[in-house]
Amino acid sequence: MSFLVLDNLQKSFGAIQVVKNFNMAIEKGEFVSFLGPSGCGKTTVLRMIAGFETPSGGTISIDGRDQSRLKTNQRNIGMVFQAYALFPNMNVFDNVAFGLKVAGTPRAAIEARVKEMLALIRLEHLADRYPYQMSGGQQQRVALARALAPKPQLLLLDEPLSALDAKIRISLREEIRQIQRQLGITTVFVTHDQEEALSISDRIVVMNAGRADQIGTPSEIYNRPATRFVASFVGTLNMLDATVVDPAEHTVRVGNQVITLKETLVGKTAGEPIVLALRPEAGSLQGSGDTTLKGDVLSSSFLGSVIRTKISVAGNPVSFDTFNAPDLTMPRPGETVDLRFSSGDLLVVRD
Amino acid sequence: MSVWTRIIGWAILIFGLLYFFVPLSGLFEFSLKARRGVYSFDAYREVFADPQFQATFSYSVMMALVTIVIGILIVVPTAFWVRLKMPWARPYVEFLTLLPLVIPAIVVVFGYIRLYNTSSWLPLTGSISGTNALLAFGYTVLALPYMYRAVDTGLRTIDVATLTEAAQILGAGWFTILRRVILPNVVPAVLSGAFLTFAIVIGEFTLAALLDRPAFGPYLQRIGANKAYEPFALSVIAFTITWACLALIQFVSRFSKAAPARH
């Protein structure tokens, strides 16, 4: 039995259905990210788990216990908000102690636990500070400590890094992941930033228009996107229009070039149009690869560590990155080049 | 800034100050003339020595404090709830709280007397404590426009919805949220509403007179009708108290520890 089970979850606001048939089982200690563009319903799912929204249908159970009858303050969940939401009238110590005080924990135990939490986020020296005297990153770490202090059974993170600047964002996400591993707390993380989701999750749920398009590990999501939406939302992806030549032989035609795919073409008939996808890092001009496509160079830009080249393959623009080397000559626009890649990198995209 | 705009600015300021202070200084000067030919504080001495003054003034202070407490208990949860759950109702609630400015106190008190007289279903006017309670509720109504506006403005400076959710997920119920999170963050606003309430209650005449309670307002009126110099001394005292209240508001809002969060 999984720890957190979302069964056929639905939510409508008036006539608009924002979450549709959402199913998911999360194991104890897992770090799961809900990834999707704004308005995809990811925050709504999180808010339903927290009890801030009531599902229009379906159930949420934590550790085998149905949550629908429980109010937010009875669920024993920790949550970190995008806007920090520290209590402005309390100092760091009192903020972290709030949940424990509400629960009626003895004073000595509160003191010990708050100290422990502040040590965890390495802010023991700021216990007397008020929220407005701290930076955003510090406030968010305090918010994390506050959420963890009452030993919640589940931790919810609602875009906790979005309000921070880039450098803090990266260091804090590593810190969050490290603390999560250390405590072994089951965590749901909501983000619209694919890099964030890929870098810290055990599993990712890619959400689109109220549905879970794909659930999988970061490498599954990135390397084997299940739908066109997932493929285009996670990372950058080149799309190629192709036609099936022979389904039995896995051959397709791109423009007038015929190539063989590794993937099977089950259910496809000869002459049927399909869409292929290729990651920018999969192709190169010099490297090895069992497949070659000819194309005309449209542009080539030097980005420091990599060179990004854009070519046109039978009218499809294809970008690819190659690592920089001092002796490398950049392809010139108008030149015809051979793009090499492994046939296994070419994905057949389903809608 | 050119010299002329400066001069005009100063002229307007000086005119304003004169407009305000000349009558007041006349008032003050006259209040010192109780003894023929010389300035003295005789009138003030009279006033402070009058047991009636002490009794009515302390009665009104007591009523003001009670009114403030009732006001806070009614207004803070209401303003909080309207902001959190019923934002569509804000204009209506605001309109409702403004009604006491439109409906004269005399109408309110006649309504009260009709509703709560000794032959009614709730004979509040039948006992002293009942009448006191009625008076306090009446004062609360009169102070509502100021109290509500102050608290509502205070709530605007904090992110009510997120702070409430943050407290809820940490296990807090509504009472704890109001007492530990919302109220402490609107203290300066609540205090400014409280001081305005204080100033209103201290000088209020109509309700107290018609409910026949020994408040400061009716006393002020009685003295004014019967004595020459004391009413002016009383007026100066009343002004001083009001100003002291306003100064306290300034002081509290400037030095409050719970400075608003940065957003």
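Reading guide: rules and limits
Residues numbered from 1 in each chain as written. Chains lettered and ligands numbered in written order. Predicted model: local features only at pLDDT ≥ 70, side-chain atom pairs only at ≥ 80, totals over all residues. Helix = DSSP H or I, 4+ residues; strand = E, 2+ residues; numbered from the N terminus. Buried ≥ 20, exposed ≤ 12 C-beta atoms within 10 Å, placed from the backbone. Contact = placed C-beta atoms within 7 Å. Pairing = 2+ DSSP bridges. Axes fitted to C-alpha atoms, helices over the stretch in contact; angles between N-to-C directions. Nonpolar A, V, L, I, M, F, W, Y, C, P; charged D, E, K, R; others polar. Core = buried A, V, L, I, M, F, W, Y, C linked by C-beta atoms within 7 Å. pLDDT = per-residue confidence, 0-100. Right-handed = clockwise from strand over helix to strand, strands pointing away. Parallel < 35°, antiparallel > 145°, perpendicular 65-115°, else oblique. Left-handed = near helix turned anticlockwise from the far one by under 90°.

Draft legend 1. Broad picture of the overall build of chain A. A count of helical and extended segments in chain A gives eight helices and 19 strands. Taken along its principal axes, the extent of the C-alpha atoms in chain A is 75 × 50 × 35 Å. Relative to its full complement of 351 residues, chain A shows a buried share of 40%. Sequence separation of 24 or more characterises 66% of the internal contacts of chain A that already satisfy a separation of 6 or more.

Draft legend 2. Broad picture of the overall build of chain B. Along the backbone of chain B there are twelve helices and zero strands. Each helix (α) and strand (β) of chain B, taken in turn from the N terminus, gives the series α-α-α-α-α-α-α-α-α-α-α-α. Reported as C-alpha extents along the three principal axes, the dimensions of chain B are approximately 75 × 70 × 30 Å. Of all 263 residues assigned to chain B, the portion counted as buried reaches 34%. Summarising the internal contacts of chain B: among those between residues at least 6 apart in sequence, 77% fall at separations of at least 24.

Draft legend 3. Expanded view of the sheet that holds strand S17 (residues 316-323) of chain A. Residue and element names in this part refer to chain A. Spatially, the four strands line up as an open sheet ordered S17-S16-S15-S18, and their pairing is antiparallel. The strands lining the two open edges of the sheet, one partner per strand, are S17 and strand S18 (336-341). Across the sheet, the mean angle separating the axes of adjacent strands is 50° when strand polarity is ignored.

Draft legend 4. Quick look at the environment of Asp213 of chain A. Residues and elements named next belong to chain A. Mapped onto the elements, Asp213 comes out in strand S10 (residues 211-216). The spacing of Asp213 and Pro225 is twelve residues in sequence and 9.3 Å in space, taken between C-alpha atoms. Excluding anything up to four places from it in sequence, Asp213 contacts Val206, Met207, Asn208, Ala226, Thr227, Phe229 and Val230.

Draft legend 5. Inspection of the interface of chain A and chain B at higher detail. Each side of the interface is counted separately: chain A has 19 residues, and chain B has 21 residues. Listed by contribution, the elements that provide at least two residues to the side of chain A that touches chain B are strand S6 (77-80) and helix H2 (92-102) of chain A. In terms of residue count, the dominant contributor to the side of chain A that touches chain B is H2 of chain A (three residues). Among the residues forming the side of chain A that touches chain B, the class breakdown is 15 nonpolar, four polar and no charged.

Draft legend 6. Local environment of the nonpolar core. Core analysis: the biggest nonpolar cluster contains 133 residues, and Leu156 of chain A together with Val151 of chain B have the highest contact counts within it. The biggest single contributor to this core is helix H6 (residues 128-156) of chain B, with 14 residues. Core analysis: the next-biggest nonpolar cluster, separate from the first, contains 16 residues, Leu261, Leu278, Ala282 and Phe320 of chain A among them.

Draft legend 7. View of the confidence of the model for chain B. Residue and element names in this part refer to chain B. On average, residues of chain B score 88 in pLDDT, and 95% of them reach the 70 mark or higher. When the elements of chain B are averaged for pLDDT, helix H12 (residues 230-255) gives the smallest value, 79, and helix H7 (residues 160-169) the largest, 94. Considering only residues more than four positions removed or in separate chains, one finds that residues 258-263, a stretch of pLDDT under 50, has 14 contacts. Overall fold confidence for the complex sits at a pTM of 0.81, while the interface term, ipTM, reaches 0.82.

Draft legend 8. Quick peek at the pairing of strand S7 (residues 154-158) of chain A. All names here are of chain A. Burial of S7 is extensive: five of the five residues sit out of reach of the surface. Where S6 meets S7, four bridges bridge the pair, whose relative direction is parallel. Residue Gly78 lies in a different strand from S7, and its bridge partner there is Leu155. Relative to strand S8 (residues 187-191), S7 runs parallel, the two sharing four bridges. Looking at the pairing, Leu156 lines up with Val188 of S8. Each parallel crossover has a hand, and the one from S7 via helix H5 (residues 166-183) to S8 is right-handed.

Draft legend 9. Up close: the pairing of strand S1 (residues 4-13) of chain A. All names here are of chain A. Judged from the five bridges that link them, S1 and strand S4 (residues 57-62) form a sheet pairing that is antiparallel. Paired with Gln10 across the bridge in S4 is Gly57. Sheet topology note: the S1/strand S2 (residues 16-26) ladder contains seven bridges and is antiparallel. Within S2, the residue paired with Ser12 across the bridge is Gln17. Counting the residues between successive antiparallel strands, the hairpin from S1 to S2 contains two residues, one of them, Gly14, with a positive phi of roughly 65°.

Draft legend 10. Spotlight on the environment of Val47 of chain B. Residues and elements named next belong to chain B. Assignment of secondary structure puts Val47 in helix H2 (residues 42-49). Considered as a pair, Val47 and Ile223 are 176 residues apart in the sequence and their alpha carbons are 9.5 Å apart. If we ignore the near neighbours within four places in the chain, the residues touching Val47 are Phe53, Glu230, Ala233, Leu234 and Ile237.

Draft legend 11. Highlighting the packing of helix H3 (residues 51-84) of chain B against H6 of chain B. All names here are of chain B. Axis separation between H3 and H6 bottoms out at 8 Å; the angle between their running directions is 45°. It follows from the interaxial angle that H3 and H6 lie oblique. In the packing of H3 onto H6, the handedness of the crossing is right-handed. Between H3 and H6, the contacting residues are Met63, Val66, Thr67, Ile70, Gly71, Ile74, Val75, Val76, Ala79, Phe80 and Arg83 on the first element and Leu135, Ala136, Tyr139, Thr140, Ala143, Met147, Tyr148, Val151, Asp152 and Leu155 on the second. Its residues assigned to classes, the contact of H3 with H6 comprises 16 nonpolar, three polar and two charged.

Draft legend 12. View of the sheet that holds strand S3 (residues 31-35) of chain A. All names here are of chain A. The strand order across the open sheet built from six strands is S6-S7-S8-S3-S9-S10, with neighbouring strands paired in mixed fashion. Looking at the sheet topology across the chains shown, the edges are occupied by S6 and S10. Shown here is a sheet whose adjacent strand axes are inclined to one another by a mean of 20°, direction ignored.

Draft legend 13. Representation of unusual backbone geometry in the model. Residue and element names in this part refer to chain A. Positioned with a positive phi, Arg122 is a non-glycine residue whose angle comes to about 55°. Along the polypeptide, Arg122 turns up in the loop between helix H3 (107-120) and helix H4 (136-148). A positive phi angle, near 50°, is found at Ala209, a position not held by glycine. Position of Ala209 relative to the elements: it lies in the loop between strand S9 (203-208) and S10.

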